Structures are given as C-alpha cells and as structure tokens.
Amino acid sequence: MMIKKKVLNPDRIRRIHGGFSFVPHRFLSQGFLSSLQQKEILLYLLLVLASDRHGLSFYSYDTICSLLQMNLDQYINARNGLIDKDLIAFDGTVFQVLELPATPVLSPTTLQVDSKPTKQPVSIARLVDRSLKRMTP
C-alpha cells in the first residue's frame, strides 16, 4: 500500500533562501548514517551546513567544539573518523565535505556489530535502533 503524502503546514514549506546545504538521500538509504558514531554525525552535519557549493568550510576547532558541545578529544576522534570513512578531507585549516564513496567505509567497531553479511536493505527501524544504541552513554 502506497502512503499518500500531504503537506501538513502549508505556511511553513521549506524554501531556499541564500545558501543551501544538502545531504544525499543515499546517506540514509545506503548505510552511511548507520556507519557513523554520534559525534561523527554531529560534525558531519555541521560541516555540511557550513560548507559552500564545493563542500568547503573553515570553522576552527574551538568554534566547532563550542557549537557541538564537544571537548577537543571528541572533536579529534569525530574528525578522524570522518576522514577514515572517506566523507571529509581536512588540510589543517580547510574542510571539504566529499562526494559520498560508492559504499560506506566501516570501522572495525561497526564491523563487529554487523558481522553477519546481509543482502537486504537495512530497515529504518534497524537504523534508528542502532543510532539510539550509539547515543546512550
């Protein structure tokens, strides 16, 4: 059964004003979101929002830590995780949000959790469950 969508609040339809950021739908549908830890998701979202049309931004670590309420170690771990997963590049000053790779790069931790190979797409319920588990301290 196909769900019919309708606009819930016609006075609040999103429009592009000024800058524009986007996250490709396959970030969710192809497992990139579920491959990230909570702090990596926060940093990735900030970098997407802060970047220009080429994916470039130059927020300093102290600004990022303040905005995301992270300490320096959390920031470094999140930044390095995103670099290792081939989602961003960083030259010490400038960040670039990269085009998504063909498939998510899984960290050793993610591989242990998802050790069973699957040929079926990951359900939204499973993605939400994984994300919630990662958010709990």
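The structure reproduced in this document is the subject of the present report. What you are looking at is a predicted structure, and each value in this text was computed from that prediction instead of being measured.

## Structural notes on the overall build of the protein
From N to C terminus, the protein includes 6 helices and 3 strands. Helices (α) and strands (β) of the protein occur, in sequence order from the N terminus, as α-α-β-α-α-β-β-α-α. Within the protein, counting contacts between residues at least 6 apart in sequence, those at least 24 apart form 60% of the total. Of the roughly 10400 Å² of accessible surface on the protein, a fraction of 58% belongs to carbon and sulfur atoms.

## Focus: the pattern of salt bridges
Taken as a whole and assessed by the stated rule, the structure comprises 1 salt bridge. Close ionic contact of Lys85 with Glu40 constitutes a salt bridge, the shortest N to O distance being 2.6 Å. Of this pair, Lys85 sits in the loop between α4 (72-84) and β2 (88-90) while Glu40 sits in helix α2 (residues 38-50), placing them 45 residues apart in sequence. Taking the relative accessible area as the measure of exposure, Lys85 reaches 5% and is therefore buried. Of the residues examined, Glu40 reaches a relative accessible area of 4% and is grouped as buried.

## Structural notes on α4
For α4, spanning 13 residues, the distance from its first C-alpha to its last is 18 Å, which sits close to the expected 18 Å at 1.5 Å a residue. Those residues of α4 not exposed but buried are Tyr75, Ala78, Arg79, Gly81 and Leu82. Mapping the buried residues of α4 onto a view down its axis gives an arc of 160°, with all of them on the same face. In α4, the exposed positions angled more than 90 degrees off the buried face are occupied by Asp73, Asn77 and Asp84. With a side-chain oxygen positioned 3.1 Å from the backbone nitrogen of Asp73, the residue opening α4 is Asn71. Remark: Asp86 follows α4 within two positions and exhibits a positive phi of approximately 65°.

## Considering unusual backbone geometry
We note that Gln69 has phi near 55°; this positive angle belongs to a residue other than glycine. Relative to the helices and strands, Gln69 is located in the loop between α3 (61-68) and α4. What makes Gln69 exposed here is its relative accessible area of 69%. The backbone of Asp86 shows a phi angle near 65°, a positive value even though the residue is not glycine. Secondary-structure assignment places Asp86 in the loop between α4 and β2.

## Quick look at a nonpolar patch on the surface
Judged by side-chain polarity, Ile16, Phe20 and Phe22 come together as a nonpolar surface patch covering roughly 370 Å² of accessible area. Checked against the element boundaries, Ile16 lands in the segment before α1 (26-29). Looking at Ile16, the relative accessible area reads 57%, which means it is exposed.

Reading guide: rules and limits
- Residues numbered from 1 in each chain as written.
- Predicted model: local features only at pLDDT ≥ 70, side-chain atom pairs only at ≥ 80, totals over all residues.
- Heavy atoms only, no water.
- Helix = DSSP H or I, 4+ residues; strand = E, 2+ residues; numbered from the N terminus.
- Contact = heavy atoms within 4.5 Å.
- Areas by Shrake-Rupley, 256 points an atom, 1.4 Å probe, with all protein chains shown as cover.
- Salt bridge = Lys/Arg side-chain N within 4 Å of Asp/Glu carboxyl O.
- Buried < 20%, exposed > 50% of the residue type's maximum accessible area, 1.4 Å probe, protein only.
- Expected span 1.5 Å × (residues − 1).
- Arc of directions from axis to C-beta.
- Polar contact = N/O pair within 3.5 Å; in protein donor to acceptor, adjacent residues only side chain to side chain.
- Patch = residues over 30% accessible without salt bridge, like charges linked within 9 Å, V, L, I, M, F, W, Y side chains within 5 Å.

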